[in-house]
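Fold and contact review
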Amino acid sequence: MNSTELAQYIEATQSMAKPWLLIQLRLLKLEENRAEISENEYAETLQDIHQDLMNLGEWWVGIEDEVF
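Here the structure is a predicted model, which is why all the values come from computation and not from measurement. (Residues numbered from 1 in each chain as written. Predicted model: local features only at pLDDT ≥ 70, side-chain atom pairs only at ≥ 80, totals over all residues. Heavy atoms only, no water.)

Section: the overall build of the chain
A tally of helices and strands in the chain yields four helices and zero strands. Viewed in the frame of its principal axes, the chain has a C-alpha envelope of about 40 × 25 × 15 Å. Burial status across the chain gives 18% buried among its 68 residues. Considering only contacts in the chain between residues 6 or more positions apart, those separated by 24 or more positions represent 40%. Working note: accessible area of the chain is about 5200 Å², and carbon and sulfur atoms make up 51% of it. Positive and negative side-chain charges in the chain, numbering 4 and 14 respectively, have mean positions lying 3 Å apart. (Helix = DSSP H or I, 4+ residues; strand = E, 2+ residues; numbered from the N terminus. Buried < 20%, exposed > 50% of the residue type's maximum accessible area, 1.4 Å probe, protein only. Contact = heavy atoms within 4.5 Å. Areas by Shrake-Rupley, 256 points an atom, 1.4 Å probe, with all protein chains shown as cover. Lys, Arg positive; Asp, Glu negative; His and termini not counted. Charge placed at Lys NZ, Arg CZ, Asp CG, Glu CD.)

Listed below in structure tokens is the structure:
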């Protein structure tokens, strides 16, 4: 799945409130643009995405059936 397909899926399923999908979309877009950006910019962006992922914490605890 490429970033366009994932974006269409997120839109079609109204999943904008699912942060793990938005992080996956950012990762796909970063990977698709890797050849066009510097190694430094790639590493900084990847670090930013990683931090956002870590900031999610365990938000799903107690609502697993609703969100997964």
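Don't stop here, the text continues.
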